[in-house]
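Descriptive analysis of the structure
Residue-level listing of the chains:
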Amino acid sequence: MHALRPLLRKSLFNLFAATLACAALLAPRGASAEALLLIEADTGKVLQADNATIPWYPASVTKIMTAYVTLRAVKDGRLTLDTLLTVSPTAASQSPSKMGFRPGTQLTVDNALKMMMVKSANDMAVVLAEGVGGSIDGFSAMMNDTAKKLGMTQTSYVNPNGLPADGQITSARDLAILARSFLRDLPEYEYFVHIPAIRFGKRTTGNFNKLIGRYPGADGFKTGFICASGYNLVASATRNGRRLIAVVLGANSGTARAVKAAQLLERGFSQDNLTWLRPSLGTVDNLVPVDASPPNLRDEMCGGHRKRPASDDDDALIAANGGNQRIGLGHRRRSPGDLLHRRPPAAPDEGLRADGLSSRGGRARAGLYRPDPHRHRPDRGGRGRCRPAGHVKAAWQEVARGQEA
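Residues numbered from 1 in each chain as written. Predicted model: local features only at pLDDT ≥ 70, side-chain atom pairs only at ≥ 80, totals over all residues. Heavy atoms only, no water.

**Some details on the packing of aromatic side chains**
Rule in force here: Note on aromatic pairs: the rings of Phe, Tyr and Trp (six-membered ring only in Trp) are paired at centre separations within 6.5 Å, and the planes decide the class, stacked below 30 degrees, edge-to-face beyond 60, tilted for the rest. When accessible area is computed with a 1.4 Å probe and restricted to protein chains, residues below 20% of their type maximum are described as buried, those above 50% as exposed, and intermediate ones as partly exposed.
The tally for this structure, following the rule as stated, stands at 4 aromatic pairs. With 4.6 Å between their ring centres and 25° between their planes, tyrosine 191 and phenylalanine 192 make a pair best called stacked. Judged on exposure class, the residue tyrosine 191 and its partner phenylalanine 192 are both buried. These aromatic residues form a ring-pair network of at least three members: Tyr68, Phe182 and Phe221.

Next comes the structure, spelled out in structure tokens:
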């Protein structure tokens, strides 16, 4: 009996440690804290969940659903990627970030999707909504119907771009479900969520998702920011055939959300000998929603204490830390700033380039190359030089700058 006491004591200690681990993982956090979620893309298995079912303002991660609904329409044959859409006065009047095209400008579904997903252009989201659903309200109804079918029980949409609106709500849980659905249902269009940059004229705009090209294996999805939501990010990465999806809501800067997503992904990919101590959190679909109001982070994100206005394109931390490090965790201890490095300028063939603009019937038609879905390089076949036509070159120079939704 005496010989068994040390073993019994050790077993009780291990049980106590496991209990503490469970308590730490399951203990509720305040609604003002960030929402974090990490899942396996294939199985939906939850690897980490903090505030994952607290309602949240989505901001521009709304555009994942806009892209999903649009591409489902393409897949179902209701339109094609080459269908021409027209910029309406309503689309042109959207707040930045936007492309800034004049009403009457025509462009393809393909081009509008790429500008929306890379630059997070709010006007392009409305162009797609009106082209697919007839109006913002009609398209929002399609978004809500799709969310219901996918099991996104905490989500409601009022507009296609995530600009502030009463009733525009989601959660980390629902966003992870949406990202899984996109990968599962639209694999042939997956390239839309990880284009590194778009180029029009002499201007190149990199993807606001700082993990693309910086974190090993990063391959999607979308960022979002409004003052009320803080900095949001849905991100995916694949290593050794295993794909993970991370959701970060309410980070305090664009770079901070990228670092947090990288840390989540790194934990998921790393081998942990104590995995068996952790409780099973089930699958993302089975996470229990919290009945609460979304936290409003406006004062924290956009109050007078900030040294500069908050915006979605935030490279401050990267620049402050030298800018040459990859997002990743080696064997030595690193600070958060060490996880990021500056993305090198886009190669000439990377992303999208203007293939020329022409005026038809008094309206400007904008054209961009569509990259090969496997190589993400433009298809040059017979399209001439990549240069805006001089008589409508001004259309490319009206790009509005400002905060992203």
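**So, the pattern of salt bridges**
Keep this limit in mind: The salt bridge criterion pairs a side-chain nitrogen of Lys or Arg with a carboxyl oxygen of Asp or Glu, the two atoms within 4 Å. Strands are runs of DSSP state E lasting at least two residues, helices are runs of H or I lasting at least four, and both sets are numbered from the N terminus onward.
With the rule as written, the count across this model stands at 13 salt bridges. Between arginine 72 and aspartate 76 there is a salt bridge, and its shortest N-O distance comes to 3.8 Å. Looking at arginine 72, the relative accessible area reads 27%, which means it is partly exposed. For aspartate 76, a relative accessible area of 46% translates into the label partly exposed. When the shortest N-O distance is used, the salt bridge between glutamate 190 and arginine 243 registers 2.7 Å. With a gap of 53 residues between them, glutamate 190 in the loop between α7 (172–185) and β5 (197–200) and arginine 243 in strand β9 (residues 242–251) connect regions that are remote in the sequence. Taking relative accessible area as the criterion, arginine 243 reaches 13% and is therefore assigned buried. A single network of salt bridges, built from pairs that share partners, joins Arg72, Asp76 and Arg78.

**Details of the sheet that holds strand β7 (residues 218–226)**
Just so we agree on the cut-off: Here, strands pair whenever DSSP counts at least two bridges between them. The convention used is that axes are lines fitted to C-alpha atoms, helices contributing only their stretch in contact, and that angles between N-to-C directions extend from 0 to 180 degrees.
Across the sheet, which stays open at both edges, the 5 strands sit in the order β2-β1-β9-β8-β7 with antiparallel pairing between neighbours. What marks the edges here is a single partner per strand, and that holds for β2 (46–50) and β7. When strand polarity is set aside, the average angle formed by the axes of neighbouring strands in this sheet is 5°.

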